[in-house]
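Each chain, written out:
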Amino acid sequence: MKQTIAFPSGTVDYYFKSKVEELSRICSNRDLILLTDVTIAALYPGLFAGRKHIIIPSGEDAKTAESIKEITKKLLELDATRKSMIVGIGGGVITDITGFVASVYMRGIKFGFVPTTLLAMVDAAIGGKNGVNVGLHKNILGTINQPEFILYDVKFLDTLPTPEWSNGFAEIIKYSCIFDSELFSELEDYDLSFYKTSPEAVAELIATCAGWKNKTVAEDELETGIRKLLNFGHTSGHAIETIYHLPHGQAVAIGMVIACKLSSEINGFSTAGTERLTDLLERYSLPVKYHFSAPHIMEVLKMDKKRNNKNIDFILLSQIGEGYIQSLPLETIEQTLNTCM
Ligand code: GLY
């Protein structure tokens, strides 16, 4: 099912409910270079045999400027030119690295994504922001540039470890909290084991979440307004992820609970709403609290690139399914953090 979405910086062809075997047809006559990690290369060797490819280590530690230099050398060895196309096959680290390196190699060449994790399918592959980390500074070097295409094949999820399913559900729950109370209720009706054995339901869920993200990014690609809503749970979540090296979804889950508690203090968001969220997170094997140090979190928040003097734009909920942006003083956040540990 092909759907073309127009963003200010370019159009993207989405191939939902597709098969990776379609790649050759979609990219016909292109000098293709596949970029993947050792995990995907070992699980799906047939995808790479006989095709130009680059394999990098798995994990967030590979998302560095040093990796970009190594990949650039390999692109040169593979004779990549401005007419070549890089296709990232993997999770969010691979889509970020692919988008970034393709955007700067020879001042920019075409690229596409085949996301293989649930998190990448519903979030990381979509939106055009692609970057690498420098030390504790996440995505501090980056670009906003859309891929030519994103090809979805839920078959990859057959080999996805269970904790990675939960990671993806953290983002799915995020969309439901900020945009879609019906989706929230649907998620309450099912659970992880249902979706793990229902590829059609998962493919629907992916298309719904991609729809929400595409609509938001199409309106505000540069994140000057409404796109900030997608940061629900991410402001404190990123700080927790950076300091405690928790998986992204786990950190975002804790961040969403913190955001609900802040919402209660600021706008009277109901305790029942916070309880529904914590129950839902637990249903998808996600944590709802962590014994963190509020001063350490505050130190990282103060480095946040979204900070504006002494305030940070925080995403709060007025009710389940309705997020909004509010600029909050750092002190207010610190006080609430002290009650959340
Ligand atoms: N690539 C993730 C985003 O643009 O939000």
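Anything mentioned here points back to the structure above.
Every value quoted in this text rests on a predicted model; they were computed, and no experiment measured them.

**Q** Before we go on, may I ask you to explain the pattern of salt bridges in this structure?
**A** A side chain of one charge can pair with a side chain of the opposite charge if their charged atoms are brought near each other. Taken as a whole and assessed by the stated rule, the structure comprises 18 salt bridges. One salt bridge in this structure joins E70 and K73, with 3.5 Å as the shortest N-O distance. Here the residue E70 and the residue K73 both occupy positions in helix 4 (residues 65-77), the gap between them amounting to three residues, near one helical turn. Here K73 falls in the partly exposed class, since its relative accessible area comes to 42%. Salt-bridge contacts for K155 lead to D158; the nearest nitrogen and oxygen are separated by 2.7 Å. For D158, a relative accessible area of 55% translates into the label exposed. Each member of the salt-bridge network shares a partner with another, and the members are R30, K110 and E148.

**Q** Help me out: how do you make sense of the environment of T336 in this one?
**A** Within the fold, T336 resides in helix 15 (residues 330-340). Its relative accessible area of 0% is what places T336 among the buried residues. Along the sequence, T336 and T143 sit 193 residues apart, while their C-alpha atoms lie 33 Å from each other. Excluding residues that lie within four positions of it along the chain, T336 makes contacts with K261, L262 and E265. Among the polar contacts made by the side chain of T336, one reaches the side chain of E265 at a distance of 3.5 Å.

**Q** Which parts of the structure should I look at to understand helix 15?
**A** In an α-helix, one full turn covers 3.6 residues, which means residues spaced three or four apart are oriented alike. Among all positions in helix 15, only L330, T332, I333, T336, L337 and C340 are buried. Relative to the axis of helix 15, the buried residues are bounded by an arc of 155° and lie together on one face. Exposed side of helix 15, more than 90 degrees from the buried face: E331, Q335 and T339 are the residues found there.

**Q** What should I look at first to understand the site of the ligand in this one?
**A** Residues in close proximity to the ligand include A124, I126, G127, G128, K129, K213 and R227, which together make up its full environment. I126 is positioned such that a nitrogen or oxygen atom in its backbone is 3.2 Å from an oxygen atom of the ligand. Take G128: an N or O atom from its main chain is 3.4 Å from an oxygen atom of the ligand. Among the residues making up the shell around the ligand, the classes are represented as two nonpolar, two polar and three charged.

**Q** Which parts of the structure should I look at to understand the nonpolar core?
**A** Across soluble globular proteins, nonpolar side chains have a tendency to be buried as a group. Within the largest apolar cluster, 113 residues are counted, with the highest numbers of intra-cluster contacts made by V87, I89, L118, F169, I173 and L187. Take this core: its biggest share by element is 10 residues, from helix 12 (residues 248-267). Beyond its immediate stretch of four places on either side in the chain, L118 contacts L157, L160, W165, G168, F169, I172, V202 and I206.

**Q** I would appreciate a short explanation of the side chain of D96 in the present structure.
**A** Note on placement: D96 falls in helix 5 (residues 92-104). Not counting residues up to four positions away in its chain, the partners in contact with D96 are K63, K129, N130, G131 and N139.

**Q** Sorry if this is basic, but what is going on with unusual backbone geometry here?
**A** Residues other than glycine predominantly adopt negative phi, and peptide bonds predominantly adopt the trans conformation. If you check the backbone angles, E223 has positive phi at about 55° while not being a glycine. Within the fold, E223 resides in the loop between helix 10 (199-219) and helix 11 (234-244).

**Q** Teacher, can you tell me more about the packing of helix 14 (residues 294-303) against helix 15 here?
**A** Two quantities define a packed helix pair, namely the angle between the helix axes and the distance between the axes. Closest axis-to-axis distance for the helix 14/helix 15 pair is 10 Å, and the angle between their directions is 150°. Relative to helix 15, the element helix 14 lies roughly antiparallel. By crossing handedness, the relation of helix 14 to helix 15 is classed as right-handed. Here A294, I297, M298, L301 and K302 of helix 14 come into contact with helix 15, specifically with L330, I333, E334, L337 and N338. Across the contact of helix 14 with helix 15, the residue classes break down as seven nonpolar, one polar and two charged.

**Q** How do you make sense of the sheet that holds strand 1 (residues 2-7) when you look at a structure like this?
**A** Here seven strands make up an open sheet; going across it, the order is 1-2-9-6-5-3-4 and the pairing mixed. Sheet topology places strand 1 and strand 4 (53-56) at the edges, where each strand pairs with a single neighbour. Adjacent strand axes in the sheet meet at a mean angle of 20° when their direction is disregarded. Looking at chain direction, strand 3 (residues 31-37) and strand 5 (residues 84-90) are connected through five bridges and run parallel. Pairing of D31 across the sheet is with S84, part of strand 5. Relative to the sheet, helix 10 contacts strand 1 and strand 2 (10-15), its axis offset from that of strand 1 by approximately 25°.

The rules behind each value
Residues numbered from 1 in each chain as written. Predicted model: local features only at pLDDT ≥ 70, side-chain atom pairs only at ≥ 80, totals over all residues. Heavy atoms only, no water. Salt bridge = Lys/Arg side-chain N within 4 Å of Asp/Glu carboxyl O. Helix = DSSP H or I, 4+ residues; strand = E, 2+ residues; numbered from the N terminus. Buried < 20%, exposed > 50% of the residue type's maximum accessible area, 1.4 Å probe, protein only. Contact = heavy atoms within 4.5 Å. Polar contact = N/O pair within 3.5 Å; in protein donor to acceptor, adjacent residues only side chain to side chain. Arc of directions from axis to C-beta. Near = heavy atom within 4 Å. Nonpolar A, V, L, I, M, F, W, Y, C, P; charged D, E, K, R; others polar. Core = buried A, V, L, I, M, F, W, Y, C linked by side-chain atoms within 4.5 Å. Axes fitted to C-alpha atoms, helices over the stretch in contact; angles between N-to-C directions. Parallel < 35°, antiparallel > 145°, perpendicular 65-115°, else oblique. Left-handed = near helix turned anticlockwise from the far one by under 90°. Pairing = 2+ DSSP bridges.

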